[in-house]
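Single-letter residue listing:
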Amino acid sequence: MPSRDGGPAVLHPHQPSPPPPCSFVHIMPHQYPTMVQYAPSVSPFTPSPAAAAAGVTAEVRDVWAGNLDDELSTIASLLPYYPCVCVDTEFPGAVHGSCTPRYLRGPRESYALVKRNVDDLKLLQVGVSLSGPSGRLPVAWQFNLRGFDPAVDPHAPDSVAMLRSQAGMDFATMRDFGARPEDLAAGFYRYGLIAGGSGEGSLITWVAFSGAYDFAYLAKALTGGRALPETLEGFNALVRGLFGARVLDVKHLARCCGVKGGLEQVAAALRVGRAAGRAHCAGSDSMLTTDVLLAMLDMFFRYISVLEYAGTIVDLA
């Protein structure tokens, strides 16, 4: 996950017209275009409700346009057994900053900064990891999206360079074979991951670590790429409408338990290692976030429901 604290503005010199104002509506796609074939080879995954307890080696599965529907169908089949969905997003840094240090910003100022960046930038990856009463599924999904071209799209050069060198992100392959954000959104609705879809979305617990940008980028994708709401209150209503009332921010939970720092620091403090993949890859980071959550549940939440902390997203509350 790249830096989420603002930075120098590096914008495309020819800015497109601003998107229309956002209102809180569910965008329910009616057409699902035929997916192009994908070049990277991904072997089939056979789901098993007992996989979490089977000692299977963890893996991160790359999802492209060609296997998008199959992998979403697999996720949907597992949700009754693993109803906790942990997400992570990767994006090309931040192109808008703030003169106010992060620790001095109020929720509305923080949201205004999130909105400016998310409205101007494109989503690159979405990671999904599942867990439930039996533990964490030994698979995380990494949805690679098309649409971003570093030659023409706004981005923070240092963040894009880091994603290339440290995370191994191949923007050319993503451009040619990645899933379209609108197809990913259509699949989330079609397979019932979202509360406004045709499934048990309202019973899903959604989790992220320092999730302001994660939920903002997902909300943008799920509303057809529209600009985020103008107000923090509007954004909170949008998040609740899309993801339901069971939204957890693991960084908020960690702070409540006296553990501070970013994902890697909190994981190290809890002696949680990275099970698969590498840092700044959405699939791997979503799996690590899940493992941090499970460790915290075991250490700090044996006698209290973690859902008492639902609805608070770090920096926005």
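Let me sum up the structure you'll find in this document. (Residues numbered from 1 in each chain as written. Predicted model: local features only at pLDDT ≥ 70, side-chain atom pairs only at ≥ 80, totals over all residues. Heavy atoms only, no water.)

### A closer look at helix α3 (residues 157–165)
Right, on to step 1. Looking at α3, one finds that the buried residues are Ser159, Val160, Met162 and Leu163. Mapping the buried residues of α3 onto a view down its axis gives an arc of 160 degrees, with all of them on the same face. Residues of α3 that are exposed and point over 90 degrees away from its buried face: Asp158 and Ser165.
Right, on to step 2. In this fold, the buried residues of α3 make contact with β2 (84–90) and α4 (171–177). (Buried < 20%, exposed > 50% of the residue type's maximum accessible area, 1.4 Å probe, protein only. Helix = DSSP H or I, 4+ residues; strand = E, 2+ residues; numbered from the N terminus. Arc of directions from axis to C-beta. Contact = heavy atoms within 4.5 Å.)

### Notes on the environment of Arg116
Right, on to step 1. Residue position: Arg116 is located in helix α2 (residues 107–120).
Right, on to step 2. For the pair Arg116 and Val95, spaced 21 residues apart in the sequence, the C-alpha separation amounts to 8.6 Å.

### Notes on the pattern of salt bridges
Oppositely charged side chains may form a pair once their charged atoms are brought near each other.
Right, on to step 1. On inspection of all chains with the given rule, the structure shows 15 salt bridges.
Right, on to step 2. One salt bridge connects Glu59 with Arg61, and the closest N-O pair in it is separated by 4.0 Å.
Right, on to step 3. Since its relative accessible area comes to 31%, Glu59 is described here as partly exposed.
Right, on to step 4. Residue Arg61 is classed as buried on the basis of its relative accessible area of 2%.
Right, on to step 5. The salt bridge involving Glu233 is made with Arg108; its shortest N-O contact spans 2.1 Å. Of the two residues, Glu233 sits in helix α7 (residues 232–243) while Arg108 sits in helix α2, which places them 125 residues apart along the sequence. (Salt bridge = Lys/Arg side-chain N within 4 Å of Asp/Glu carboxyl O.)

### Overview of the packing of aromatic side chains
For any pair of aromatic rings, geometry is given as the distance between the ring centres together with the angle between the planes.
Right, on to step 1. Throughout the structure, instances matching the rule amount to ten aromatic pairs.
Right, on to step 2. Consider the rings of Phe91 and Tyr213, whose centres lie 5.4 Å apart with planes at 20 degrees: the pair is stacked. Separated by 122 residues along the polypeptide, Phe91 in the loop between β2 and α2 and Tyr213 in helix α6 (residues 212–222) bring together distant segments of the chain. Of the two residues, Phe91 and Tyr213, both sit in the buried class.
Right, on to step 3. Judged by centre distance (6.4 Å) and plane angle (75 degrees), the ring pair of Phe143 and Phe188 falls under edge-to-face. With Phe143 in strand β4 (residues 135–144) and Phe188 in helix α5 (residues 181–190), the pair connects residues that are 45 residues apart, well separated along the chain. Of the two residues examined, Phe143 and Phe188, each falls in the buried class.
Right, on to step 4. An aromatic cluster of at least three residues, connected via ring pairs, comprises Phe143, Phe188, Trp206, Phe215 and Phe243. (Phe/Tyr/Trp six-rings, centres within 6.5 Å; stacked < 30°, edge-to-face > 60°.)

### Considering the nonpolar core
Right, on to step 1. Core analysis: the largest hydrophobic core is formed by 53 residues, its most contacted members being Leu130, Trp141, Phe143, Trp206, Phe215 and Phe243.
Right, on to step 2. Per element, the largest residue contribution to this core is eight residues, and it comes from α6.
Right, on to step 3. Listed in part, the 21 residues of the second largest apolar core include Cys84, Val207, Ala254 and Val272. (Core = buried A, V, L, I, M, F, W, Y, C linked by side-chain atoms within 4.5 Å.)

### Remarks on the sheet that holds strand β1 (residues 59–63)
Right, on to step 1. With respect to topology, six strands assemble into an open sheet ordered β1-β4-β3-β2-β5-β6, the strand pairing being mixed. Either end of the sheet is taken by a strand with one partner, and the two such strands are β1 and β6 (247–249). Each strand of the sheet is rotated relative to its neighbour by a mean of 25 degrees, with strand direction disregarded.
Right, on to step 2. Two elements, strand β3 (residues 125–132) and β4, share seven bridges in a ladder whose sense is antiparallel. Along β4, the bridge assignment pairs Ser131 with Arg136.
Right, on to step 3. Of the strands in this sheet, β1, β3 and β4 are in contact with helix α1 (residues 68–78), which crosses β4 at around 155 degrees. (Pairing = 2+ DSSP bridges. Axes fitted to C-alpha atoms, helices over the stretch in contact; angles between N-to-C directions.)

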